Every structure is written in C-alpha cells, then in structure tokens.
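Coordinate inspection notes
Each chain, letter by letter, is given below.
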Amino acid sequence: MLGQAVMDLLPLLEGLCEFSATLPLYPVLGSPLETRPDAKCVINVTVSVQESLLSLWQLSEGNLLRVTVEGVYSVPESFLPTGPPQNYMIGLHVPAVGEKECPFLFKNGVLKFGGEKEPLPRPKKWPVTNILAPGGQNIPDSFIVGGAYEEEDGELNTPEDRDLRIQGETIKKRIMWDLERRCYLDPLAVLCFRKRIADCRYWPVEITRVPIITSTKTKGGKGDKGGGGGGGEEEQISFHGVAYINVVPLLYPGVKRIRGAFRVYPYLDNEVFEKTKCLFSLFRDIGHQAAMNKIGLLTPHTKGILGKTAKEDKPPKEVIMRKASNIARRDTSDTTIIEAAVSICQNIEGQQYIESGTFIVIEFALDKPLVPKRLPEELANRVKEMIPPRPQLPRRTAGAKKAVEDYHSQVTSIAEAILDEYHELFGRQLVEGYAIDSHTLEDQKCQLNYELNSSGKYFAFKEQIKHAVVKIVREKYLKTTAFENLDQLQAFLSELYVYLVDQMHVALNQVLSQQTPSPPPPSFTTSEQLRLFAREAEKNRDYNLAATYYQERLSRDRQDIQSWLDYGTFCLLTENNLKAQECFREAVSLDPNHLPSILLCGIMAVMLENYEDAEVFFEDATCLEPSSILAWTILGLFYDIQENDIRVEMAFQKAFKLQKASLQKERPPPDVADAVRKVSICPSAAEVLSVSAEEELPSVEVSDIPEPSITIHRAEEEKIPKVARKMSLAPSRLKLVPPKGEEESFHRLHEEEGVPKMSRRASMAPSRMKLSTMKETRVAFETEPPPLPPPQPPITIFMETINFLMDVNAFQFVHRALAHELLCPQGGPSCDYYLVLAETYMLKQEYSKTEECLEMAVQIDYLNPEVWAQKGHLCYLTGDFAEAKACYERTISFVTDAKDMHFVYLRLGSIYLERKEYEKAKDIYLLASKKSPSCLTWLGVGIACYRLKEMAEAEDALSEANALNNNNAEVWAYLALVCMQGGRQLEAEQSYKYAVKLELANEELLQEIHEVQLEVGFGDPSF
C-alpha cells in the first residue's frame, strides 16, 4: 500500500447527487512515498448517487450535529502511562431518527503529561480507526482555535477559574482526543432534541477507562473472571465519570455553537437521573451496547469489555433492576441517603475527578440554529411597517418662483442702498425745507447718477443683480444655450427687459406700500428651562401646567426627539398610555435608530398587551446596539413577563457579559492604581509646608485641631452674580448678605457624636489646620497615607435598568426589575434598592411603606445624601416640616449632591419662608437660582428680599421671575406690593390687575395686598 486518501461524503447529506474532489494521497508507514517528500500525489474522485439521500423536507427541516471532544484536563494522578494498556473513552447519545438515540463514542484518548500547552490552532481529527496514513487523520479546513475563557459557554469561564484552567491545560496531566463526530438529525429528531434540551437542560457526557484485552482472552468466557478485566463489570469499567453539559444556549435564537469547559463528576445513578432524566449508562448498561454493536461503533477490543454473551446477561439485568428500584424509591429520604452512600462507595474511583478538579473541553455545533433568529433587516422593516418614518423636510425649491423671489429681494436691497445714497447727498435740503420742483428733481437725479457712476457703486449694483437675472433666464425662460442669430437675441432681450421692469415695480411697490412687520420678541426661555419648569409643576402635582410647558417645547421644535420623549414620559406618569405611545412612536418616526425611543415603544406595547409588537421592538433594539446592557436587560424582563425562562437566561447572560467587559475597560492600570494609593490627604500641594529643622513641633492630637467651617459659599470670585448681571433685564441692586450669626448651623448640620469628626470632615472641604503655638505654619504629616476606602460594588444590570425605567416612569417594569435585583448575587436589598422602592411608594402616596423603606436605607448607608433627600421629601409631603428641614439641611451639608438638588432647595426655601427665616431663605433660593434658575427660584428670592425690606433687590428678583414666566399670579402680586411700597401707582395697579386676572389662589397674600392698598391709598383701580 502506497498511501491513503480520505474523502468527506458530507455533500451527499447536503442534497448533492454527484460531486468531485481532488484528494491528496498521504503515504502510509513504510511506503516508498515517505522517502520522497517532494512527490505530491493526488487522486481525482467522483461520487454519484441515483437520487438525493434526503428529501426537500428533510433538507430544510433537518440538521447536522457536530460534537468535538478536545480533551480532559487535570486528570487524577493515578492515571499512569505504565502498566496495563488502557483505552480512555468518552461517550454520549443524541437523537438521530425520531426519538431513537445514536451513541457517540470517542475512543483511544492519549494520556499526556503536563509541561506545555496544546498548540492553537490545531486540526480536528476523523473518528475513523482504519486510517493508517498519519496525514489523513486530520479533517481538512477544520481546526480547534480556542478563545478567551470569558467568551465560552461552559462552567469554568469566570476570572476566578482562570488559574484552574491555566494549570489544568499547562501543568497537569491531560487526555487528548481532538476528534469530531457528526450526526444527521432528521426533522423529528430535531424536535426531540429541542424538547429534551428544554426539559432537562443538561446533557450527560460519560468518561471512563477500560483495559485493552487481547482477542485470545476475550474468547474464553470463563477466563474473564480470572484475568483480563477482573471478572466483574465494576472492575472492568473504572473511573466512571460524567460531565453535565448545559446545552440550553442552543435554544437561544440564532445560536449554532457552544464550547466550554465543564467539570467532571463521579457517575451516580440518582444524580444523573435528577439532572438529565437519563436512565441508562452508555458504557455500563446492556440496552445501549446492543445499539453500538448494531451501528458498529464497538471494536473487537471493546466488545470484550462492554459486551457480554447471552450466558452472562444475568448480572447486568440485576443492575438494571436495582437502578429502577432506586429511582422508584428516591422520594424516601432515609432510603435516598443510604443509596447515595452506597453509590459513592461503589464509585470511589470517580471521586478522584472532584479531588483533582478534572474538567472536559467539548464543543457542540449545528449547521442551522434550533431556534432561528430574525434578521436585523426584517426587524427594521417590521418597525417601519408599524411606525412609518416621518418624511424628510421639503427641500428648498430652486425653480422659477424662487428665482423671481430672489430678484425681488435684490431689487429691494439695491433700492435701499440708493435711498441711503440720496439721503447722504440731499438730506439736508429736505430738513431745511427747500422747495423741490421738477427742475430740482432732475438736477438731483443727474447728480445722483454721477455720484453712483464715479464712485463705482452703479457697477457694484449691476453685478449684485446679475446673478438673479441669470437665474430668471434659466429657470423661467429655460434659456441655457446660445441664440442662433441676433434677431432672436434682440427679441428675447426686449421681452426680458419688459418682464424685469414689471417685476422691479412689483418689488418696489411692496416695499413702499407695506410696513415691515416687527420681529417677534426674543424668547427668554430655552428648551431645557421649559423642561425644568415642567418638572417643577410635576413635583407640585400641577399636571395641567406641566402639560402646557411640554407642549410649548413641542411647538417650538417638532423635530426634537427629546421633547417627544419627555412629553411621553409625562403622559406615562399621568397614566395617559395612548398619548404616551403616540409620543414615543413620533420619536421613532423621526429617528428609527434612536434606542430609548424604540425601547419605550416596546414598553408601551407590553403595557397595552401587544406582546408580538413588543418583542419586535426589543429585538430591534438589541440589533441596533448589540453592546447595550440596557437593551438586553429590558429584553430579559420582557421574556420574564412571557415566562420564557430560556430566553430570560439568554438575555441576562448577554447583559452580564457586556457589563463585565465594560468594567474591565474602566478598570485603571496597575500604575495608576498605585499612584492613587500614594496621594496624600492634604487638599492641595499649595497647602503643604514643611517645618524648618530649627523648630520642633509639639505633639498634636487630632482632636486638638479645630474643625473647618463648612459653608455652601464658594471663593470670593465665585460668589453668586447679581441678578441684573445674570439676566440683564433690570438694574442690579441685589446685595449678598451672609446669614447673621447662624452661618454654620445653616450651611452644615452637626453629625452624630458617634461618627469620628476627622472622617466626616476630610471629604467635605479642604481643611486648613492651624496650630496655636506656631505662626501660620501648616504641617505635612510624615506618616503613611491612610488606606483607601473599599471600592463601591459595581452597579448591577438591573439597577442600571431601573434608573432608566424610573426616569421614564415605566413602573410596571420597575417592580419586575426590583425583584430580579433582590435575587441577583451582586445585588440584594441594597440602599439603592430601598430608595427606588421608596420612590415608587411615594408616587402612589403610600407614605407608611415609604417610611419603612427609607428606614432600611438609612441603616444600610447613613451617609448617602439621596437617603436624606428622599426622607425630607416624605416629611414635607406629610406636613412634618421641622423634620423635613433637618433632613434637607443634612442633605446640602454633604459634598456629593443628591440626585435632584433643585427640589431640595425649593422645598427647604419654602420651609424657611414659612418659618420666617428670611435670610436663610434668601441664600438658599439664590443658590438654586445660580445652579438652575427658574420662576420659582427667583420668586423665592423676591419674597425673602421683600420680607427683609430690601425693596430694590426684591423688584429685581421678581422681574427675573416675571421674565421667565409672566403667567405666575404670585409674581404679579408681590410686584404689586413692591410698587405700592415704592409709591408707583400706575405700575402697582397694572401688577394687581394681572394678579387678579390670573386668579391668585393665595388668600393670605391677597388679603395683605388689600391691606397695603388701604394703607397707601392706591393700587386698586376699582376704588
């Protein structure tokens, strides 16, 4: 024999009836071709069949399964290459024809010592034993390429398992196969395979070691008891283990391949049945040995081990009966414990797999996914069918009409320039009243023409209008080519001249007869300010006013996607679901690739119980941004509503992988982390001064160092600018006066005595430490820097999704996400969890449950400013203003702000006004006006200044408030009070009129206005 060629007959299963291939000829051992490596021999082979092996239905609905066993790593130390030869085998069974199972057997594993890692990529091998040529054992164009551990689908894919994998694949012993087996699954087998995966989740893959017995020993039936394998089945099949392969990812949409490392456990009947519902062992039980004999997977060597003659069938039958009885009695606890102990004793060798940390690397691959995945194009088309994209804005026309309009504008511009020139020449004569007759006009015309020609302006005017005339010629008269003769040219010029003169008169008549409309007044509010005003109205439960602001934003720019989203989330808050859906769909029509809009359309479809459309939206979101943690998590929550556990697992697993990858990218390199640890606690380098060698520092205790004063003020140059400087609407007369005598109590709240002072102050403001025994000497302590606080645990995928859902008021999904956050290993009942739960209860006005949640949050994180802000809101809504004041003051004393400080400032300022602490109210409202000015913040400043008798400052602040919102009746009321105090009757009456017209609801304020009117004697036009 010279050599062998290996031909792959797989094209026959792909529907081909005839195919040809050119195959290389591999020399066998001892062949003359081995001595001539330069000789490249090939064979041309043609294979043909009369008809296709598979029908069209089988080709379309069937599938091809490939199982590749790479190796078993970190095997027990008792596996030695010396001693009796052993056959290391791996087996599993898959449905091939209907529910009939096809056994997969991987034999002749090679035991290797550790020391180096297997090369990558390396070729896969044929599982055929009669290939004698070494080169023919490799499958063409099929390789094991490996990959990152984190991207695998197995059990050992976490960073904690990385060291175990590296040691097992490099240092410890291993058994290598690198074999690939294939199996065609007919349509019924595909359905059975899919059902088995959904029912059991785990697929058993058995591993064992059997001694290789010569054929002479296997012929003597009785001789088996004395030699060979030891005379009994338990002695012949040793080290019987099993790996539980989680094949559920094959049911994920679009998944065709899973590969990973799985731990090997001892084969225990009860445990295998509980996890896989499998009653028989491929290697041990008779039922499957007959099937293997029939298919021809057993060699003469293994038949002596696995196959028994008819005379020796009794012991295996007893084994099967014992197994069935064990399974039938598994519900009895005592019996189960005894049976488990017996099973462990019977498989002591298998326990070594656990002790050694043995794992198998295996791959399952399909030609077609068991669950097809919709293509991104299909999803995009479905979305377009449901929400047609908004047509683009009309393009600017460049036709005849536009050309004439341009000509009119040029004529108007030139006419204005000529009039300016005329006024420069003869304007004084008009002012002095000289009589102008026809002779004088003719002289002025001649002089004007002379000036225009001599200065070059006439030529400039002609060049200016030339382009507009050319456009009229091209667009209106469609003249783009040269004229054939001069007669045509003269006729056209005459016609054009008449038309241009007529249009010139039209333009001039429009300029002289119509008055130019005044431009619209400039808007003093931006879109973001309108959004702030709307949120203020939401917090005050004035939903009509909030809707007005949102609608005003849309009226200004209907192409702004964010305006549609904000209005839609507001409609969700007011439970106007149909209008919310309309807003979100409008946003998608403006931009079909806008992720938040598509997610919100899916959420609305779920709320309206249109689950098919919801799935389309969510899947389209994951296709638009495959790296979006938010999209995959919301898709998982949707599948959770559908009770589709497999797809829930798929979506959450993808989200977890994306989060892990993002955290690894954000993790600083080791050099940066070391530098951070060396940073001193001193606030800046400018504040670190060394002490001279002549001076000696006395021993100073930390408690002797005075605490730094914490205020909300910035440096002198960063103080709040005056009102007129901010809005430039009124002269600035505001003066910033610091709180008198109570700065420290206002700007910070003393912490509890149980908290160390230095730990509280170090993170709040730069501390300037002064020693009383030294002159202005500041000390850099020569001590080791304190250890960094423990890093905050990363936010989970559910909490990240909850933050988005809370912002858009999708509370149905919020509660489901909170349930998953509670069960998540990285989550649990955290401070953020209780804060979100408290906020949902607060929106429902369930204040007792809100208080319980906030108490739990306080116990978990006492120094979280958001906790105290929410607690202050709760006390404010329940009328406990004293406690609300304390909570709000504690909130603003922290360096880190709460999530929404604007409403903390507003409510704290209103409490100060109610308690007549006007200085504090003024300061807090000024702080709010600096960060996010609104009508309410400046109104608060104006009220505080008015109560402090600072009338000029009050008027400026109220003017700012009125500029931001001229429909606030309270602003007009205080303006009326200020004007009456200043003796301005007309302005006071106008302000009072608008306050009454806008239906001032504050009866006390209205009564105060009447009292002042009686006092000053004016202010009410009805007197």
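Residues numbered from 1 in each chain as written. Predicted model: local features only at pLDDT ≥ 70, side-chain atom pairs only at ≥ 80, totals over all residues. Heavy atoms only, no water.

**With respect to the confidence of the model for the protein**
- Here the protein averages 79 in pLDDT, and 76% of its residues register 70 or above.
- With pLDDT under 50 throughout, residues 294-338 is counted as low confidence; its partners more than four residues away or in other chains account for 57 contacts. (pLDDT = per-residue confidence, 0-100. Contact = heavy atoms within 4.5 Å.)

**Here's the deal with helix 13 (residues 348-356)**
- For helix 13, every residue scored as buried is listed here: Gly350, Tyr353 and Ser356. All buried residues of helix 13 project into a common sector of 115 degrees when viewed along the axis, lining one side. Away from the buried face of helix 13 by more than 90 degrees, exposed residues Ile348 and Glu355 are located.
- Where helix 13 ends, the next residue or the one after it, Gly357, has phi of about 70 degrees, a positive value. (Buried < 20%, exposed > 50% of the residue type's maximum accessible area, 1.4 Å probe, protein only. Helix = DSSP H or I, 4+ residues; strand = E, 2+ residues; numbered from the N terminus. Arc of directions from axis to C-beta.)

**Notes on helix 41 (residues 969-981)**
- Compared with an ideal rise of 1.5 Å per residue, which puts 13 residues at 18 Å, helix 41 spans 19 Å between its outermost C-alpha atoms and is within 8% of the ideal.
- Among the 13 residues that make up helix 41, 11 are buried, leaving the element largely enclosed by the rest of the structure.
- When helix 41 is considered as a whole, its buried residues turn out to be Ala969, Val971, Trp972, Ala973, Tyr974, Leu975, Ala976, Leu977, Val978, Cys979 and Met980.
- Taking the backbone nitrogen of Glu970 as reference, a side-chain oxygen 3.0 Å away marks Asn968 as the first, capping residue of helix 41.
- Gly983 sits one or two residues past helix 41 and shows a positive phi near 80 degrees. (Expected span 1.5 Å × (residues − 1). Polar contact = N/O pair within 3.5 Å; in protein donor to acceptor, adjacent residues only side chain to side chain.)

**Topic: the packing of helix 23 (residues 595-607) against helix 25 (residues 629-642)**
- It is at 11 Å that the axes of helix 23 and helix 25 come closest, and there the two elements cross at 10 degrees. The angle between helix 23 and helix 25 places the two elements in the roughly parallel class. Contact with helix 23, carried on its side by Leu595, Leu599 and Val606, involves Leu630, Ala631, Ile634, Phe638 and Ile641 of helix 25 and no other residues of that element. (Axes fitted to C-alpha atoms, helices over the stretch in contact; angles between N-to-C directions. Parallel < 35°, antiparallel > 145°, perpendicular 65-115°, else oblique.)

**Points about the pattern of salt bridges**
- Taken as a whole and assessed by the stated rule, the structure comprises 45 salt bridges.
- Between Glu612 and Arg382 there is a salt bridge, with the nearest N and O atoms lying 3.8 Å from each other. Pair noted here: Glu612 is in helix 24 (residues 611-624) and Arg382 is in helix 14 (residues 376-386), with a separation of 230 residues, a long-range link.
- Residue Glu612 is classed as exposed on the basis of its relative accessible area, which comes to 53%.
- Among the charged side chains, a salt-bridge network with shared partners connects Asp8, Arg66, Lys124, Glu180, Arg182, Arg257, Glu363 and Asp367. (Salt bridge = Lys/Arg side-chain N within 4 Å of Asp/Glu carboxyl O.)

**Details of the packing of helix 37 (residues 901-914) against helix 39 (residues 935-947)**
- One can describe the packing of helix 37 onto helix 39 by two numbers: an axis separation of 11 Å at closest approach and a directional angle of 25 degrees. Judged by the inter-axis angle, helix 37 sits roughly parallel to helix 39. Like other packed secondary-structure pairs, helix 37 and helix 39 cross with a definite hand, here left-handed. In this structure, helix 37 contributes His902, Leu906 and Leu913 to the contact, and helix 39 contributes Leu936, Thr937, Ile943 and Ala944.
- In terms of residue class, the contact of helix 37 with helix 39 is built from five nonpolar, two polar and no charged. (Left-handed = near helix turned anticlockwise from the far one by under 90°. Nonpolar A, V, L, I, M, F, W, Y, C, P; charged D, E, K, R; others polar.)

**Re the packing of aromatic side chains**
- According to the stated counting rule, one finds 26 aromatic pairs in the structure shown.
- On the numbers, 5.4 Å between centres and 55 degrees between planes, the contact of Phe618 with Phe638 is tilted. Here Phe638 lies in helix 25 and Phe618 lies in helix 24, a separation of 20 residues in the sequence. With respect to class, Phe618 is no different from Phe638; both count as buried. (Phe/Tyr/Trp six-rings, centres within 6.5 Å; stacked < 30°, edge-to-face > 60°.)

**Quick notes on the side chain of His820**
- Tracing the chain through its elements places His820 in helix 32 (residues 811-823).
- Judged by relative accessible area, which is 18%, His820 ranks as buried.
- There is a polar contact of 2.8 Å between the side chain of His820 and the side chain of Asp640.
- Excluding anything up to four places from it in sequence, His820 contacts Leu637, Asp640, Phe652 and Phe798.

**Considering the environment of Thr633**
- One can find Thr633 in helix 25.
- Residue classification places Thr633 among the buried positions, given a relative accessible area of 0%.
- The spatial distance from the C-alpha of Thr633 to the C-alpha of Thr801 is 6.9 Å, given a sequence separation of 168 residues.
- Apart from the residues lying within four places of it in its own chain, the contact partners of Thr633 are Phe652, Ala655, Ile797, Phe798 and Thr801.

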